Amino acid sequence: MPGADAHASVGLTAPQQVAGFGMLSGRILPEVLPLVQPGPALQKVKAFVSHGVLDDKLGIHFGRNASQVLESYQVRLDYREYQAGHALTMAMVTDFQQWLAAQI
């Protein structure tokens, strides 16, 4: 299964192919940004981004940057921070499942 980085990359560069994506403790790859085409197709994409504030592998600045980038492209964003490291917690999983259920 592709990682969160790949999910965001596809969502940003092929928005007509996806309804949304989830990014849990990931980052937006900087090399993808020149390929992004802002516009109506991208504004229809929904994203769930979560990140642990104690993440020692991919610091919280990656989550916050993802939030800023997605908001700048007017992606419909649900961004959440957790008191966690670089791991999935039950709260993250539950929140993502609820977000996903609301999308389908």
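Our subject in this report is the structure included herewith. (Residues numbered from 1 in each chain as written. Predicted model: local features only at pLDDT ≥ 70, side-chain atom pairs only at ≥ 80, totals over all residues. Heavy atoms only, no water.)

**Overview of the packing of aromatic side chains**
Rule in force here: Stacked, edge-to-face and tilted are the three classes for Phe, Tyr and Trp ring pairs, Trp counted by its six-membered ring, which pair at centre distances within 6.5 Å; planes under 30 degrees apart are stacked, over 60 edge-to-face, the rest tilted. Comment: elements are numbered from the N terminus, with helices defined as DSSP H or I runs of at least four residues and strands as E runs of at least two. The rule is simple: take the accessible area with a 1.4 Å probe, protein chains only, and divide by the maximum for that residue type; under 20% is buried, over 50% is exposed, in between is partly exposed.
Applying the stated rule across the entire model yields 3 aromatic pairs. Judged by centre distance (5.4 Å) and plane angle (55°), the ring pair of Phe48 and Phe96 falls under tilted. Of this pair, Phe48 sits in strand 2 (residues 46-52) while Phe96 is found in helix 4 (residues 90-103), placing the two residues 48 residues apart along the sequence. A residue is classified by how much of its surface remains accessible, and Phe48, at 0% relative accessible area, is buried. Ring geometry for Phe96 and Trp99: centres 5.8 Å apart, planes at 20°, overall stacked.

**So, helix 3 (residues 60-72)**
Going by this rule: Helices are assigned an expected span. That span is 1.5 Å times one less than the residue count.
The terminal C-alpha atoms of helix 3 lie 18 Å apart, and with 13 residues this matches the ideal 18 Å at 1.5 Å per residue to within 8%. Taken residue by residue, helix 3 has Ile60, Gly63, Ala66, Ser67, Val69 and Leu70 as its buried positions. Immediately downstream of helix 3, the backbone of Gln74 shows phi near 60°, a positive value.

**A few points about the pattern of salt bridges**
Which entries qualify depends on this criterion: The term salt bridge refers to a pairing of a side-chain nitrogen on Lys or Arg with a carboxyl oxygen on Asp or Glu at a separation within 4 Å.
Scanning the entire structure with this criterion turns up 3 salt bridges. Here Arg64 makes a salt bridge to Glu81, at a shortest N to O gap of 2.7 Å. Of this pair, Arg64 sits in helix 3 while Glu81 sits in strand 3 (residues 76-82); the two residues are 17 residues apart in sequence, bridging distant segments of the chain. The closest approach of N and O atoms between Arg80 and Asp78, which form a salt bridge, is 3.0 Å. Here the salt bridges do not stand alone but share partners, grouping Asp78, Arg80 and Asp95 into one network.

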